[in-house]
Amino acid sequence: MIEDIFDRIDAESETQRRDLTRQKERLEDEQLRLLQAHYADAISLPVLKKEQHRIEGMLTDIDQRPSAYRAGREDAKLRLRAYLHLATNAHAFYLACDDARRRLCNQAFFTKTTLKENLDVTSEFTGIYETVLDPTNRHHTEFWQRTGQLHPDINLEHSE
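In this report, we go over the structure that sits alongside the text. (Residues numbered from 1 in each chain as written. Predicted model: local features only at pLDDT ≥ 70, side-chain atom pairs only at ≥ 80, totals over all residues. Heavy atoms only, no water.)

## Some remarks on the environment of Ala 71
How we decide: The helix count covers DSSP runs of H or I at least four residues long, the strand count covers runs of E at least two residues long, and both are numbered beginning at the N terminus. Between buried and exposed lies partly exposed: a residue is buried under 20% and exposed over 50% of the maximum accessible area for its type, with that area taken using a 1.4 Å probe on protein chains only.
Assignment of secondary structure puts Ala 71 in helix α2 (residues 45-88). The partly exposed category is assigned to Ala 71, whose relative accessible area is 49%. Considered as a pair, Ala 71 and Phe 93 are 22 residues apart in the sequence and their alpha carbons are 29 Å apart.

Put into structure tokens, the structure is as follows:
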């Protein structure tokens, strides 16, 4: 299901990449027109330099976005896989750890754990595990497994 979500985000990213390509072409055309205007003595050298500098900054930003997206995407996938792997194998992983590492595991999973006098234990998950272990997400996963489609309640606009 997560791969499906990433595929859908990638499809949206491809649309944005095409928009960036068009924007880059417009900026390059603008650069050329500014240079032509300068050669025709329609604008001064200081104005040309200022405008070329502005356009260069925008072009640099456009050029860096795809690689930043790819790096962020890969980092997100690696982290999510690690979180899911740890959540799936938490008990075995915990038992295999020494006390110091168990403490780190507890800190990774929980923001708060309370042991009451009657030996009831309550806990609050950290942000990522609160999300990963949310029963709603389990419902979405089961829907995806049955239908091969994302649950209609999943909104990818907030996933980027």
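Back to the text.
## Remarks on unusual backbone geometry
For residues other than glycine, phi is negative in most cases, and the peptide bonds are mostly trans. Phi angles above zero are rare outside glycine, and Asp 41 is one such case at about 60°. Of note, Asp 41 is situated in the loop between α1 (2-39) and α2. Unlike most non-glycine residues, Leu 119 shows phi in positive territory, near 70°. Looking at where Leu 119 falls in the secondary structure, it is placed in the loop between β1 (110-115) and β2 (121-125).

## So, the nonpolar core
Note the following rule: Take the buried Ala, Val, Leu, Ile, Met, Phe, Trp, Tyr and Cys residues and link them wherever side-chain atoms come within 4.5 Å; each set so joined is a nonpolar core.
Within the largest apolar cluster, seven residues are counted, these being Leu 20, Leu 27, Leu 34, Leu 48, Ile 55, Leu 59 and Ile 62. Secondary-structure elements contributing two or more residues to this core are α1 and α2. Residue contributions to this core peak at four residues, all from α2.

## Details of the pattern of salt bridges
Under the convention used in this document: A carboxyl oxygen of Asp or Glu within 4 Å of a side-chain nitrogen of Lys or Arg is what we treat as a salt bridge.
On inspection of all chains with the given rule, the structure shows 11 salt bridges. Among the salt bridges present, the one from Glu 51 reaches Arg 54, with a minimum N-O distance of 2.7 Å. With Glu 51 and Arg 54 both in helix α2 and three residues apart, this pair spans about one turn of that helix. For Glu 51, a relative accessible area of 22% translates into the label partly exposed. Across the pair Asp 98 and Arg 101 runs a salt bridge, and its minimum N-O distance is 3.7 Å.

## Concerning the pairing of β1
Selection criterion: If DSSP finds at least two bridges between two strands, the strands pair.
Taking burial as the measure, the six residues of β1 include zero buried ones, a minor fraction of the element. Pairing of β1 with β2 involves five bridges; the strand directions are antiparallel. Of the residues in β2, the one forming a bridge with Leu 115 is Val 121. Between the antiparallel neighbours β1 and β2 lie five residues, among them Leu 119 with a positive phi of about 70°.

## Let's talk about α1
Rules: To estimate how far a helix should extend, the number of its residues minus one is multiplied by 1.5 Å.
For α1, spanning 38 residues, the distance from its first C-alpha to its last is 54 Å, which sits close to the expected 56 Å at 1.5 Å a residue. For α1, the complete set of buried residues consists of Asp 4, Ile 5, Phe 6, Ile 9, Ser 13, Leu 20, Leu 27, Gln 31 and Leu 34. Taken from the residues just after α1, Asp 41 is the one with a positive phi, measuring 60°.

## Some remarks on the packing of α1 against α2
What counts here: Where helices are involved, their axes are fitted lines through C-alpha atoms of the stretch in contact, as for all axes, and angles between N-to-C directions lie from 0 to 180°. For classification, angles of less than 35 degrees are called roughly parallel, those exceeding 145 degrees roughly antiparallel, those between 65 and 115 degrees roughly perpendicular, and all remaining angles oblique. Each residue gets one label: Ala, Val, Leu, Ile, Met, Phe, Trp, Tyr, Cys and Pro are nonpolar, Asp, Glu, Lys and Arg are charged, and the others, such as Gly, are polar.
Between α1 and α2, the least distance of the axes is 9 Å, while the angle of their chain directions is 170°. When the axes of α1 and α2 are compared, the pair comes out roughly antiparallel. For the contact of α1 with α2, a count of residues per class yields 17 nonpolar, five polar and 13 charged.

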